[in-house]
Amino acid sequence: MAFVLGLDMGTSKICALALDADTGEPGAVVSTASRADIPALPAGWREQDPESIFQTVCECVRGLLDDPALRDAEIAGVGITGQMHGVLVVDRALKPLTSLITWQDQRAAGPVLDSARDALGPQAFSRHGCHLHAGYGAATLKWLLSQGRFPENACALSLADYLVARLTGVRATEPTHAASWGILDLESGDWDAEALKSLEVPRKILPPVQPSAQPVGVLLPDVAQTLGLPEGIPVCAPVGDNQASVIAAAGLDLDAIVLNLGTGGQISVPSREYVCAPGLETRPMPFGGWLTVGASLCGGWAYAYLCDFFQAVAQEMTGQAVSREQAFARLNALAAAAPAGCEGLRADTRFSGTRNDPSLRGSLQQLDSTNFTPANLARAVLEGMLRELADLGRLAGLGAASRVVASGNAVRKNPILKSLIEESFQLPCSLALHSEEAALGAALCARRSLGF
C-alpha cells in the first residue's frame, strides 16, 4: 500500500496526514500546537520561529510513521501547504536571517503601506487580484527594505517555500503563495516587473515561480534520515492553505462554493475564468481556474458574541451562571424554532466593519412591537452572518456553482446552519466530510501530480 503525506503549517497548529494513494481516502493524522510564536515583540508585530516550525513538522511526520498502518507502507510523495501572506528571509545556505513575519503582522501599516499603495496605483488590483494589506509579503518586504533590514545575497520565501527548500534544497515559490504577497502578475504567473519597480523591490531577492503542486525535488539524505523516511521521495511544490482547504472540501471540479464558518467567515467561489471584483480577492488554483474569496471580519464570532450577551443577561437577572455549552445549546434550539425571516427582524452582523470599510458597525433593523424575541434574535444573527457572505459571493457571480460545501466548527456544532445556507444561496448544501482540510488538500494535490 502506498501513501502520500500532506503537511500543513498553520498559524497555531502543525499537521501531518497520510492519504491512501490508491483510494484518495485520508488515514492517520498527527497534529500539535506550533509553539513557534516569538514573545515580547513591539506592538502589532507577529513573528514565528521557522526552525521551531520545521522541528515540529519533523515530530509530526515521525509520529505519523509510528502508526501501524504506515510502518511497512510505501511513502509515494509529500504535499505541502501553510499559512499564506507571510515572509521570511534566508541566505544561500537556507539559514533564516529573519523570523517568519506572519500574515497577522501590522508593522507595515501606516506610512509604509500608504506609500506602497500609492506607488502601485489602483490599476494594480486587476493584475494582482488583491489590494496590498499590512501582513502581505510585499508590504513586509517594503518595510524591511526601508529599514535597511534586508541583508545582501538573501532571498525571501514563504513558510511553505522554506519547508520545501529544507526538504529538497530547491529554493523557489509557486503561484498560490506568490499571489498572496500582492505582487504577482496573475496573467503571466510571474512577478510583476512594473510593481517591483514602483515599490523598489529588487527582483533578485525573490525566488523563481514554479507551477503549484508539481514535483520539485526529492528528500535530501540527511532530512530523510531525520524524518525516518527513505531517500529520494518526491516532494511537490506547495499549495496555499485556502486553495488546499477548498480542494479537500469540494474536490477539483470547481463546481462548489465553499463556506468556512468558525471564529471568522470566508466564502470561496470557483471559476474557470478570471473574475476581478472590488472587495474580494482572486487567487489562482493549482491545476487551473480561480477562486474569488471574500471574508467577513466577524463570521461565526458574531453568534458567539450573542451567546455571551445571553449568558450575561442570565447572570444579571437570575444570579445563576449558565455555562457556555448550555447557552449555545439553548440558543441553537431557539434559532431552530424561529420562523424564516424572523418576522421581519433583521440583523447586520458587521460588528467589526469590513475590509473595505472598517468604520461600519452592526445593527438591528425592522424591530416592531412583536418580533423582538430571543428566538428571532438568534436566527436573525445567523441569517445576518450568511447574508454578508452571500452578498460577497454575488459580487463574484455564483452562476457556475451547483452546490455549497460548508466547513468549520460553527457549522458542525449548529445543525440549523445547513438549512439556512440553502435558503441564503438557493443551492443544496453539504458538510465537509473531513477535518484537517488544508493537510488533506495538499496530499490530494500531490497525489494528482504524482499520477495516482
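Scroll up to find the structure this text is about.
We now turn to the structure provided with this report.

Rules behind the numbers
- Residues numbered from 1 in each chain as written.
- Predicted model: local features only at pLDDT ≥ 70, side-chain atom pairs only at ≥ 80, totals over all residues.
- Heavy atoms only, no water.
- 1 Å grid on protein atoms, 1.4 Å probe; cavity = no way out; pocket = protein on both sides within 12 Å on 5 of 7 lines; lining within 4 Å.
- Points joined across faces, edges and corners; volume = space filled by probe spheres on them.
- Helix = DSSP H or I, 4+ residues; strand = E, 2+ residues; numbered from the N terminus.
- Nonpolar A, V, L, I, M, F, W, Y, C, P; charged D, E, K, R; others polar.
- Axes fitted to C-alpha atoms, helices over the stretch in contact; angles between N-to-C directions.
- Parallel < 35°, antiparallel > 145°, perpendicular 65-115°, else oblique.
- Contact = heavy atoms within 4.5 Å.
- Pairing = 2+ DSSP bridges.
- Buried < 20%, exposed > 50% of the residue type's maximum accessible area, 1.4 Å probe, protein only.
- Polar contact = N/O pair within 3.5 Å; in protein donor to acceptor, adjacent residues only side chain to side chain.

**Things to note about the layout of surface pockets**
One number sums up the size of the second largest pocket: a volume of about 240 Å³. As for the second largest pocket, its lining consists of 18 residues, of which Ile247, Ala248, Ala249, Leu433 and His434 are closest to the centre. When residues of the lining of the second largest pocket are assigned to their parent elements, the largest contribution, four residues, is made by helix H9 (residues 241-250). When the residues that make up the lining of the second largest pocket are grouped by side-chain class, the tally is twelve nonpolar, four polar and two charged.

**A word on the environment of Ala43**
By secondary structure assignment, the location of Ala43 is in the loop between strand E3 (26-33) and strand E4 (47-48). Expressed as a C-alpha distance, the spacing of Ala43 and Asp105, which sit 62 residues apart in the sequence, is 9.5 Å.

**Description of empty space enclosed by the protein**
According to the stated counting rule, one finds three cavities of 30 Å³ or more in the structure shown. Lining the largest cavity are Asp161, Val164, Val170, Ala172, Thr173, Gln210, Val216, Ala237 and Pro238. Class assignment for the residues of the lining of the largest cavity results in six nonpolar, two polar and one charged.

**Points about the packing of helix H10 (residues 301-318) against helix H11 (residues 324-337)**
Between H10 and H11, whose axes approach to 10 Å, the crossing angle comes to 110°. The angle between H10 and H11 falls in the class roughly perpendicular. Side by side, H10 and H11 meet where Tyr303, Ala304, Leu306, Cys307, Asp308, Phe310 and Gln311 of the first sit next to Arg324, Ala327, Phe328, Leu331, Asn332 and Ala335 of the second. Its residues placed into classes, the contact of H10 with H11 shows nine nonpolar, two polar and two charged.

**Points about the sheet that holds strand E15 (residues 265-271)**
Spatially, E16-E17-E15-E14-E20-E21 is the arrangement adopted by the six strands of the open sheet, whose pairing is mixed. The two strands at the open ends of the sheet, each matched to only one other strand, are strand E16 (281-284) and strand E21 (429-431). Direction aside, the axes of adjacent strands within the sheet are offset by 25° on average. Of the strand pairs in this sheet, strand E14 (residues 256-261) and E15 are connected by four bridges, and their pairing is antiparallel. Across the sheet, Leu261 pairs through a bridge with Gly265, a residue of E15.

**A closer look at the side chain of His128**
As for its position among the elements, His128 is in helix H3 (residues 124-128). With a relative accessible area of 2%, His128 lands in the buried category. In terms of polar contacts, His128 uses its side chain to reach the side chain of Asp192, at 2.7 Å. Setting aside its immediate chain neighbours within four residues, His128 contacts Leu120, Gly182, Ile183, Leu184, Asp185, Leu186, Asp192, Ala195 and Thr282.

**Some points on unusual backbone geometry**
Although it is not a glycine, Gln426 sits at a positive phi angle of roughly 55°. The residue Gln426 is located in the loop between helix H14 (416-425) and E21 in this model. Residue classification places Gln426 among the exposed residues on the basis of a relative accessible area of 65%. Within the chain, Glu436 stands out as a residue other than glycine whose phi angle is a positive 50°.

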